[in-house]
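Working through the structure, step by step
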Amino acid sequence: MDFSKNAVEKKLKDNKTNSRKYFNKVIVWVLKIVLVAVILLTIFGLSAGVGVFMGIIDNTPEISMESIVPMGYATTVYNAKGQLTDTLVMEGSNRAEVTYDELPQDLIDAFVAIEDSRFWEHNGIDTRAIFRAAKGVLTGNSEGGGSTITQQLIKNNVFNGGFEKSFGEKLERKFQEQYLAVELEKVMDKKLILTNYLNTINLGNNSLGVKVAAKRYFDKDVSELTLSECAVIAGITQNPSKLNPITGKEKNAEKREVILQYMEDQGYISEEERLEALEDPVYDRIQNVDIVSKENIKTYSYFTDELVDQVTQVLKDEFGYTDTQAHNMLYSGGLSIYTTQDPDIQEIVDSEVNNPDNYVSSKYAIQYRLSVKDKHGETSHYSEKTMKEWAKVNDKTFITLYETEEEAKAAVDEYRDSIVGEDDEVVGESLVTTLEPQVSFVIMDHTTGYVKAISGGRGTKKASLTLNRATNSLRQPGSTFKVISAFGPAIDACGATLATVYYDAPYTVGSKTFRNWYSSGYAGWCNIRDGIVYSMNIIAVRCLIETVGPELAIDYCRRLGITTLTDSDYNAATALGGITLGVSNLELTGAYAAIANNGKYIKPKFFTKILDHNGKVIYEVKKEPVQVFNESTAFLLTDAMKDSMLPKRLYTSDEMSVNSTSTAAHLDGMSCAGKSGTTTNSFDIWFAGFTPYYTATVWAGYDNNENTLSGQTSFHKQIWKNIMTRVHEGLEDPGFPVPESVTRATVCRKSGFIPTDYCALDTRGNPSYTEYFAIGTEPHNICNHHTETGIIVPDESEYTDDLTYIPPEPETETVDPFDAEGYGPGFVAPRAPKEPEQFTGPGLVEPPPPD
């Protein structure tokens, strides 16, 4: 072998060359492997990225023309003349829709300039804005967001504002938002996108959308906004809590200046227009509008209070909504509700109910609540009831009714000062004063069931959905119940007539002895017409017990819309309105309206139709009358109640008499009929009546029976008269036409039958008169009460309880009304007669025959 120096060097050189070649090969292979790995990883990463992106897109919510528009609109209420009366709204739904044509150009330009300068050019996303926003995030020097107006619309209406918990969720939403923005702009016009956006945005102070904001801040329609005002509104949306022009005036002013500069830079306005707008004292106007707005915070009227209840019930009954769903739909569904309220009649009712000249006296009742925490942390509660106990212990006079509100407050202050010590803390206190006596009034068109106006009380209404004395306050109805529980059913279903007689004398049913409301004695035989005209208790009770029966009486009342009767009301006292729970003014008005409407009952209605946010009728009220009384019965009751409003007198002895009960309510120049009602101790006084046009009922009393109305039992009738007189101004009087089913006949008032010569012997006046009858019920029998020597008087009736009548064996039976020997329709045969009474007892002054 050659081991020479040259050979060895050559050998080493060859080895190095081979090593380098081998190393290079390894490097190449490593690089290839790395390159392949990078390619594979890139492909995998891209695939994964595409997969993730596609997954995000697949999870993107679907959008439609319906889902992109804002939700949560205020409900609007319109009266019978189509005038807006109320807006029903809750937090998050105070929104009113505006169309693109209503938007002033300056408002459009202001929003585009500050929110999305390339809005009219891009396809839903703005890449320049996205890179600008990304640069701001990386450098910490933000130059604005990257979302377009289209994206903001989707964020608000599809993603409910975009409140994510993590960055990943926010990034996912951003991708979806951008994708949907591009898709939306393929199918929706730019103008419509901008309109939906301007209807959606939160503009502070519970103002959603530019239309509500224009009204809230400037008290004007959005179409009337000036350039300066447009810039103010456009400056709110990025941070409504800090930039609203009421509480964030300085920040909003800075933003307004920026917007005006942007508008000039983008060619929407000139420099002169910008400078002129900056000189506008716009924030002074906003503050003035805000002051007036707060002073005029509107409380729902009593009519709207009841409307809310009725619409809520319809949404539950007709659409199966729960209470919560019905509430949300009513206050944020953007409904349009058209009511039956007549603004002219409502104004008349309000003015008369609140006219102090219509009241004999006015005082103030108090409702007081005080909560005090002592130094030991224990809380005690006090009220006007504990105030009464305190006054008694301290030998002070406790007054339930005060002459003035100041006097009431002074009394409460004295009581509070005696309770609260130096170490005590008042944690709650309220004092509510209520004008007394109170009044409620309801007036409705009985032919349609439409309630035209109501008043739930006199004095200032201080809150919405409070005590409504017209609709949800139950009071004893008194003698107004005689007509619907006793006399009406007797005539309609039991063969009685207005001439049917009952004996007026003290009357005992079970352990209860009934007497008349007046103290001038008793009138002997009296008929149903007398019972109505003079509001005779005995006649009504005997009619219910002897002719109608409690079951039928209750049945008729319920068919007339009285829903508050209970099982304990099957008794004689129901004839006089002595019922367990009482009635509402609204339901009593509805019952009398049925009489005025020829016997057809229509449930009182406060609205005619409901439209959804798109203007589609979703519910329309139907009249659905129910024939409760025959037309003839309704007329007979009407004619008798018409008499009760005329001056008439019933003699209960030669010296004493009682007058008709409703003359104070009589209308001049308009036919009217009605019935008064007064409860024990005059705690409640009523008058329910009607004309050919309207039915109306008035109630008066003290809310908590703090006092009685003794000696003041006519002022409510004067209120009824004043209201109805004004309501009927200019209307012709068609009268109450006599239906074809009614005829007339001359009868004896003391028996209800055909008069005889003996009837004419009554020395206190001829008891014969002409009466109306339903055809087929007129008498065919002769008077059996007058004899040659006087009037036959029946034995006292005997009862064991309120429901079961056990008469003695009669000497004469009730027979067929057409039997010449009988007593006629509706007559309960007299018991064994006593000796004839001479003409020294009660008698009657003959009224003129019916018209």
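Residues numbered from 1 in each chain as written. Predicted model: local features only at pLDDT ≥ 70, side-chain atom pairs only at ≥ 80, totals over all residues. Heavy atoms only, no water.

Turning our attention to the sheet that holds strand β20 (residues 684-690). What the five strands build is an open sheet, ordered β8-β7-β21-β20-β19; its pairing is antiparallel. Two strands bound the open sheet, and with one partner strand each, they are β8 (450-455) and β19 (673-678). Across the sheet, the mean angle separating the axes of adjacent strands is 10° when strand polarity is ignored. Sheet topology note: the strand β7 (residues 438-445)/β8 ladder contains five bridges and is antiparallel. When the bridges of β8 are listed, Met444 appears paired with Val451. Across the sheet, helix α15 (residues 343-353) touches β7 and β8, and the angle it forms with β8 is around 25°. (Pairing = 2+ DSSP bridges. Helix = DSSP H or I, 4+ residues; strand = E, 2+ residues; numbered from the N terminus. Axes fitted to C-alpha atoms, helices over the stretch in contact; angles between N-to-C directions. Contact = heavy atoms within 4.5 Å.)

Turning our eyes to something else, we now look at the pattern of salt bridges. The final tally for this structure, using the stated rule, is 30 salt bridges. Residue Arg529 is joined to Asp639 by a salt bridge in which the shortest nitrogen-to-oxygen separation is 2.7 Å. Taken as a pair, Arg529 in helix α19 (residues 528-533) and Asp639 in helix α23 (residues 631-644) lie far apart in primary sequence, 110 residues in all. We note that Arg529, like Asp639, is buried. Residue Arg542 pairs with Glu546 through a salt bridge whose shortest N-O separation is 2.8 Å. Of the two residues, Arg542 and Glu546 are both situated in helix α20 (residues 537-548); the distance of four residues between them amounts to about one turn of the helix. The same class applies to Arg542 as to Glu546, namely buried. Linked through salt bridges whose partners overlap, the residues forming this network are Lys409, Asp413, Arg416, Asp417 and Glu429. (Salt bridge = Lys/Arg side-chain N within 4 Å of Asp/Glu carboxyl O. Buried < 20%, exposed > 50% of the residue type's maximum accessible area, 1.4 Å probe, protein only.)

Right, let's talk about helix α16 (residues 384-393) for a bit. Glu384, Met387, Trp390 and Ala391 are the residues of α16 that are buried. Viewed along the axis of α16, the buried residues span an arc of 105°, placing them on a single side of the element. Every exposed residue of α16 that faces more than 90 degrees away from the buried side is listed here: Lys385, Lys388, Glu389, Lys392 and Val393. Of the surrounding elements, those touching the buried residues of α16 are β4 (363-373), β5 (379-383) and α17 (405-419). Asp395 occupies a position one or two residues after α16 and carries a positive phi of about 55°. (Arc of directions from axis to C-beta.)

A few words on the sheet that holds strand β6 (residues 425-436). Pairing within the open sheet is antiparallel, and its three strands lie in the order β5-β4-β6. Two strands in the sheet have a free side with no partner beyond their single neighbour: β5 and β6. Geometrically, the sheet is characterised by an average inter-axis angle of 5° between neighbouring strands, direction not taken into account. Sheet analysis places β4 next to β5, joined by five bridges and oriented antiparallel.

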